[in-house]
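Survey of secondary and tertiary structure
Residues per chain are reported as follows:
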Amino acid sequence: MIENILQDILKFRKERGWGEAHSPRNLATSIIIEAAELLENYQWGEDDFDPINVQEEIADILIYTFQLTDKLGLDVETVIQDKLKKNALKYPVTKEED
């Protein structure tokens, strides 16, 4: 599934000739810009936001992130699994006593 999504994103980019403009720096910058646009939805509170815009901004962030991992030669699944393992060690589950 992830590989299919990545291929769709890369095909979309290639058809428009945008590949050269997508340097790691430009992609990282775009991720931050899109994250700021996502945050705008919650600027004045958590109850008054546009759910469609939130969905679109999340998609933009993911699209740029997938392109950045591809540009850096990283595998999305591996990157995520490795980070989850690292986080599990850093933040172990603690059992609360009754």
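Our subject is the structure that appears above.
Heads up: these notes are all about the structure in this document. Remember, predicted model here, so these are calculated numbers, not experimental data.

**As for the side chain of glutamate 34**
One can find glutamate 34 in helix H2 (residues 24-40). Buried charged residue glutamate 34 carries no salt bridge. Nearest counter-charge: arginine 16, at 14 Å. Beyond its immediate stretch of four places on either side in the chain, glutamate 34 contacts Glu57, Asp60, Ile61 and Tyr64.

**Side note on the packing of aromatic side chains**
Any pair of aromatic rings gets described here by the distance separating the centres and the angle formed by the planes. Counted according to the given criterion, the structure contains two aromatic pairs. Ring centres of phenylalanine 12 and tryptophan 18 lie 5.7 Å apart, and the angle between their planes is 75°; on these two criteria the pair is classed as edge-to-face. Residue phenylalanine 12 is classed as partly exposed on the basis of its relative accessible area of 41%. The interplanar angle of 45° and the centroid separation of 5.1 Å between the aromatic rings of tyrosine 42 and phenylalanine 49 together place this pair among those described as tilted. What makes phenylalanine 49 partly exposed here is its relative accessible area of 35%. Above the face of the phenylalanine 12 ring, arginine 16 is positioned so that its terminal group lies 3.5 Å from the ring centre.

**A few points about helix H3 (residues 51-71)**
Counted at 1.5 Å a residue, the expected span for H3 with its 21 residues is 30 Å, and the 30 Å between its end C-alpha atoms agrees. For H3, the full list of buried residues reads Val54, Glu57, Ile61, Phe66, Gln67, Leu68 and Thr69. The inward-facing, buried residues of H3 abut helix H1 (2-16), H2 and helix H4 (76-90). For H3, the N-terminal cap is aspartate 50; the gap from its side-chain oxygen to the backbone nitrogen of isoleucine 52 is 3.0 Å. Glycine 73 occupies a position one or two residues after H3 and carries a positive phi of about 75°.

Thresholds, definitions, all that
- Residues numbered from 1 in each chain as written.
- Predicted model: local features only at pLDDT ≥ 70, side-chain atom pairs only at ≥ 80, totals over all residues.
- Heavy atoms only, no water.
- Helix = DSSP H or I, 4+ residues; strand = E, 2+ residues; numbered from the N terminus.
- Buried < 20%, exposed > 50% of the residue type's maximum accessible area, 1.4 Å probe, protein only.
- Lys, Arg positive; Asp, Glu negative; His and termini not counted.
- Salt bridge = Lys/Arg side-chain N within 4 Å of Asp/Glu carboxyl O.
- Contact = heavy atoms within 4.5 Å.
- Phe/Tyr/Trp six-rings, centres within 6.5 Å; stacked < 30°, edge-to-face > 60°.
- Lys NZ or Arg CZ within 6 Å of the ring centre and 35° of its normal.
- Expected span 1.5 Å × (residues − 1).
- Polar contact = N/O pair within 3.5 Å; in protein donor to acceptor, adjacent residues only side chain to side chain.

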